[in-house]
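Per-entry structural report
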Number of protein chains: 2
Amino acid sequence: MGKRSFEILDVTLRDGSHAMKHAFTEEQVRETARGLDQAGVTYFEVTHGDGLGGSSLQYGLSAVDELKLIEAAVEECKSSQVSVLLLPGIGVKEDLQEAVKVGAKMVRVATHVTEADVAAQHIALGRELGLKTIGFLMMAHMAPVEKIVEQGKLFESYGAEVVYVTDSAGYLLPHEVKERIAALKNELTCEVGFHGHNNLSMAMANTIAAVQAGATYIDGSLRCLGAGSGNTQTEVMVAVLERLGYNTGIDLYKIMDVANDVVAKYMHRPQEVTGSSLIMGYSGVYSSFLLHTQAAAQKFGVDERDILVELGKMKAVGGQEDLIYDVAQRFALKKSSLV
Amino acid sequence: MGKRSFEILDVTLRDGSHAMKHAFTEEQVRETARGLDQAGVTYFEVTHGDGLGGSSLQYGLSAVDELKLIEAAVEECKSSQVSVLLLPGIGVKEDLQEAVKVGAKMVRVATHVTEADVAAQHIALGRELGLKTIGFLMMAHMAPVEKIVEQGKLFESYGAEVVYVTDSAGYLLPHEVKERIAALKNELTCEVGFHGHNNLSMAMANTIAAVQAGATYIDGSLRCLGAGSGNTQTEVMVAVLERLGYNTGIDLYKIMDVANDVVAKYMHRPQEVTGSSLIMGYSGVYSSFLLHTQAAAQKFGVDERDILVELGKMKAVGGQEDLIYDVAQRFALKKSSLV
């Protein structure tokens, strides 16, 4: 096997925060961090699921202060480096400065796929602080390729060293990943990354498609621990990439051990493709809409799937939750006029 | 959407038998069959996991006689037809005649990928009995493409109307599926099918690759209920194929309902990619080796994964379980000479 051609970035301790209801304990973080470090993972992420400052009534309160968790993870590492996620608006620049004080070495600044411009200062700050600085384009299925390129160029112009295509809803299929990664690779000079979710059972295939199209950063989580149906499964990704002849730099047995002996033991529930997660991936609607939709479906006596699929067609985005009730009402009227 | 270009064959009530420890109840079978029928599935399979006659001390005793389960499933169907699996040697011709008496309309005659010749009489009998008759080449990763073509031609010469590439160990990757399906498609005049397992998180991508290479029969199971990490997830496959513009002939919401309201409720455990199932997919060793390997690993104080990976390299097949102890002993000696 030749030179390593990409970095696998593990997000168990960040995207997994959603699946753990933001209740990671310090001991869980330490054990997981130690395992990731020993397996040879270069970077892994530790933050509230919604990034620095995410601990709130709106996004879910963390059981343990995230700075304490980041610090604990850093303490366990001999060679791995700890990344943090920052969503401008949820987290502020001071949060990043605090994270750096406890040892964070990478920041991923995340915005909706059409809103890279809100990240300019945060990306600049990441570079100033000497961090590896990454731009993270969420809900990447909601914009055409040209828009993604335009937004990626903005990230790059602010100083991002890597631009990510982030399939937050687990909606994308391999050919759609390939065209997005290839376009960024073609038009940008910085590196390109991919972050997948498994709502359509396609996270692994999408990640391989991303690597084949030139992505040099790919995300995974142990036992898929993450939002929705979870992420590309890190330990399986190592096995598949080895089978394809890539050098992952990660020890397969050691990464399997932390997945199965540590993470599997503290997971609240398995990461399956259920009815809800399938329909989120199918409709392309973000998971924050789910609970409101279920409430509206019950109130108006309509199928929640009809509402979600319609919201997907309307390309509803976070903040437009009011649309849910309009759509539900519309389906209820249609239903009553059919009776 | 145009004309339907393939049949989705659901194996929940057959491959799922492994995951249910062969303990399907008549009520579970009736409810599942009713759901599959209402969703518009043309064929689904009901048999012991190891086929007709599989109920035995060696393969696991069925809680309910399989003929009773087949009959119950047939009774629930308005339009779906029931398939049975037959492994020559485990099942005999009389078993098939009995299954036809209770209403089976399709038989899939399964052999190891290099042993199609043991199936000649069984396939001929299937045709004589007026069944849709299919040849099923198991452990298809263990033979090169030319061998698969040769064996497929044998099946076809006996009268098989469809020849399946069966990825029993969940080992294959999409490009490997594609070349196998394309070669059969090219060299045979009968139809070609694909049956996947998810041990490397690739069942869905492999199934799509098979369709794109010309497969016209594809298997799935609801909530992935099947051996190892389970199969391609039927209800997710319907969603993905719709997204790709295919007409599946299956109602997405109805197939989701039977998956989540019926099957998910009786599953013994979720279908995740665990340590054991990952290493089976990675090594390409069949699941019947697992328990013996774990016992040998413990006895000799070596890592079970080393044994399985070595067995995979040796291309060990069912019946060669004695090799397990030889390999375990070899690793133990190597380990002691290193100390």
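Reading the values: rules and limits
- Residues numbered from 1 in each chain as written.
- Chains lettered and ligands numbered in written order.
- Predicted model: local features only at pLDDT ≥ 70, side-chain atom pairs only at ≥ 80, totals over all residues.
- Heavy atoms only, no water.
- UniProt positions renumbered as here; feature names shortened; annotations may be inferred.
- Helix = DSSP H or I, 4+ residues; strand = E, 2+ residues; numbered from the N terminus.
- Rg over C-alpha atoms; globule rule 2.2 N^0.38 Å.
- Buried < 20%, exposed > 50% of the residue type's maximum accessible area, 1.4 Å probe, protein only.
- Contact = heavy atoms within 4.5 Å.
- Pairing = 2+ DSSP bridges.
- Axes fitted to C-alpha atoms, helices over the stretch in contact; angles between N-to-C directions.
- Buried area = accessible area lost by both parts, 1.4 Å probe.
- Salt bridge = Lys/Arg side-chain N within 4 Å of Asp/Glu carboxyl O.
- Polar contact = N/O pair within 3.5 Å; in protein donor to acceptor, adjacent residues only side chain to side chain.
- Nonpolar A, V, L, I, M, F, W, Y, C, P; charged D, E, K, R; others polar.
- Domains from an automatic or database assignment.
- Right-handed = clockwise from strand over helix to strand, strands pointing away.
- Least-squares fit on C-alpha atoms with pLDDT ≥ 70 in both.
- Core = buried A, V, L, I, M, F, W, Y, C linked by side-chain atoms within 4.5 Å.
- Phe/Tyr/Trp six-rings, centres within 6.5 Å; stacked < 30°, edge-to-face > 60°.

- An unreviewed UniProt entry lists chain A under the name 4-hydroxy-2-oxovalerate aldolase, with Evansella vedderi as the source organism.
- What UniProt states about chain A under its Sequence similarities (unreviewed entry) heading is, verbatim, "Belongs to the 4-hydroxy-2-oxovalerate aldolase family."

1. Brief notes about the overall build of chain A
- For chain A, the count of helices and strands is 14 helices and eight strands.
- For chain A, whose C-alpha radius of gyration is 19 Å, the value lies close to the compact-globule estimate of 20 Å for 339 residues.
- Overall, the C-alpha framework of chain A stretches about 65 × 45 × 45 Å when taken along its three principal axes.
- Relative to its full complement of 339 residues, chain A shows a buried share of 62%.
- For chain A, restricting intrachain contacts to residue pairs at least 6 apart in sequence, the fraction spanning at least 24 positions comes to 77%.

2. Looking at the sheet that holds strand E1 (residues 7-10) of chain A
Residues and elements named next belong to chain A.
- In space, the eight strands of this closed barrel follow the order E1-E2-E3-E4-E5-E6-E7-E8, with parallel pairing throughout. With strand direction ignored, the average angle separating the axes of adjacent strands in the sheet is 25 degrees.
- Inspection of the sheet shows strand E6 (residues 162-166) paired to strand E7 (residues 191-195) by five bridges, in the parallel sense. Residue valine 163 lies in a different strand from E7, and its bridge partner there is valine 192.
- Across the sheet, helix H7 (residues 174-187) lies against E6 and E7, angled at about 160 degrees from E7, the strand it touches most.

3. Quick word on the UniProt feature "domain: Pyruvate carboxyltransferase" (unreviewed entry) in chain A
- UniProt tags residues 6-256 of chain A as "domain: Pyruvate carboxyltransferase" (unreviewed entry).
- With 40% helix and 16% strand, residues 6-256 of chain A has its two end C-alpha atoms placed 20 Å apart.

4. Here's the deal with the interface of chain A and chain B
- Contacts between the two partners involve 40 residues from chain A, matched on the other side by 40 residues from chain B.
- Summed over both sides, the interface of chain A with chain B buries roughly 3300 Å², with 60% coming from carbon and sulfur.
- Looking at the side of chain A facing chain B, the largest losses of area belong to Arg243(A), Tyr253(A) and Arg305(A), adding up to 23% of the total buried there.
- Two residues, Arg243(B) and Glu176(A), come together in a salt bridge whose shortest N-O distance is 3.2 Å.
- Applying the counting criterion to the chain A and chain B interface returns 18 residue pairs in polar contact (both at pLDDT 80 or more).
- Sorting the residues of the side of chain A that touches chain B by element identifies H7, helix H8 (203-212), helix H9 (234-243), helix H10 (252-266), helix H11 (275-283) and helix H13 (304-313) of chain A as the ones contributing at least two each.
- Per-element tally for the side of chain A that touches chain B: the top contributor is H9(A), with six residues.
- Of the residues that constitute the side of chain A that touches chain B, the class distribution is 21 nonpolar, nine polar and 10 charged.

5. Quick notes on the environment of Asp326(B)
- Checked against the element boundaries, Asp326(B) lands in helix H14 (residues 322-338).
- It is 9.4 Å that separates the C-alpha atoms of Asp326(B) and Ala296(B), two residues lying 30 residues apart in sequence.

6. Comments concerning the domain arrangement of chain A
Residues and elements named next belong to chain A.
- Split by domain assignment, chain A resolves into domain 1 (7-266) and domain 2 (285-338).
- When each unit is reduced to the centre of its C-alpha atoms, the spacing between domain 1 and domain 2 is 30 Å.
- The interface of domain 1 with domain 2 comprises five residues on the first partner and five residues on the second.
- Both faces combined, the contact of domain 1 with domain 2 buries some 500 Å², and carbon together with sulfur accounts for 66% of it.
- In this structure, the connection of domain 1 to domain 2 is made through zero salt bridges.
- Counting the contacts that link domain 1 with domain 2 gives zero residue pairs in polar contact (both at pLDDT 80 or more).
- Among the residues forming the side of domain 1 that touches domain 2, the class breakdown is three nonpolar, two polar and no charged.

7. Looking at the pairing of strand E5 (residues 132-138) of chain A
Residue and element names in this part refer to chain A.
- E5 sits mainly inside the fold: seven of its seven residues count as buried.
- By the bridge criterion, seven bridges tie strand E4 (residues 106-112) to E5 in an arrangement that is parallel. In the sheet register, threonine 111 faces E5, and the bridge partner there is leucine 137.
- Crossover handedness for the path E4 to helix H5 (residues 120-128) to E5: right-handed.
- Here E5 runs beside E6; their pairing, made up of four bridges, is parallel. What sits directly across from glycine 135, in E6, is valine 163.

8. Some details on the relation of the copies chain A and chain B
- For the pair chain A and chain B, the superposition axis carries a translation of 0.0 Å, the fit reaches an RMSD of 0.0 Å, and the rotation angle comes to 180 degrees. Between the two chains, the operation in question is that of a two-fold axis. Residue Ala205(A), judged by its C-alpha, is the member of chain A lying nearest the rotation axis, at 3.0 Å.
- Comparing interface residues between copies, 100% of those in chain A also lie at the interface in chain B; the contact surface is shared.

9. A short note on the UniProt feature "active site" (unreviewed entry) in chain A
Residues and elements named next belong to chain A.
- Under the present numbering, the feature "active site" (unreviewed entry) in UniProt falls on His18.
- With respect to the helices and strands, histidine 18 occurs in helix H1 (residues 16-19).
- When near neighbours in sequence (up to four residues on either side) are disregarded, histidine 18 contacts Gly49, Asp50 and Ala227.

10. Quick word on the nonpolar core
- With 215 residues, the main nonpolar core has Phe44(A), Ile255(A), Phe44(B) and Ile255(B) as its most contacted residues.
- For this core, the element with the most residues is helix H10 (residues 252-266) of chain B, which contributes nine residues.
- Discounting residues that sit within four places of it in the chain, Ile255(B) has contacts with Leu36(B), Ala39(B), Val41(B), Leu222(B), Thr234(B), Glu235(B), Val238(B) and Ile250(B).

11. Examining the side chain of Thr47(A)
Residue and element names in this part refer to chain A.
- Of note, threonine 47 is situated in the loop between strand E2 (43-45) and helix H3 (66-76).
- Judged by relative accessible area, which is 4%, threonine 47 ranks as buried.
- A polar side-chain atom of threonine 47 sits 3.0 Å from the main-chain amide nitrogen of leucine 85.
- Non-local contacts of threonine 47, meaning those with residues more than four positions away in its chain, are made with Leu13, Arg14, Ser17, Leu52, Glu66, Ser83, Val84 and Leu85.

12. A word on the packing of aromatic side chains
Residue and element names in this part refer to chain B.
- In this structure the tally under the stated criterion is 10 aromatic pairs over all chains.
- Arranged with centres 5.7 Å apart and planes meeting at 90 degrees, the rings of phenylalanine 24 and tyrosine 266 form a pair that is edge-to-face. Within this pair, whereas phenylalanine 24 is found in the loop between helix H1 (16-19) and helix H2 (26-39), its partner tyrosine 266 is found in helix H10, the two being separated by 242 residues in sequence.
- On the basis of relative accessible area, tyrosine 266 is assigned to the buried category, the value being 10%.

13. Examining the pattern of salt bridges
- Within the structure shown, the criterion is met by 36 salt bridges over all chains.
- For the salt bridge of Arg14(A) with Glu45(A), the shortest nitrogen-to-oxygen distance reads 2.8 Å. Here Glu45(A) lies in strand E2 and Arg14(A) lies in the loop between E1 and H1, a separation of 31 residues in the sequence. Here Arg14(A) matches Glu45(A) in class, with each residue buried.
- Residue Asp219(B) pairs with Arg108(B) through a salt bridge whose shortest N-O separation is 2.8 Å. With Asp219(B) in strand E8 (residues 217-220) and Arg108(B) in strand E4 (residues 106-112), this residue pair connects regions lying 111 residues apart in the sequence. By the burial criterion, Asp219(B) is buried, and Arg108(B) matches it.

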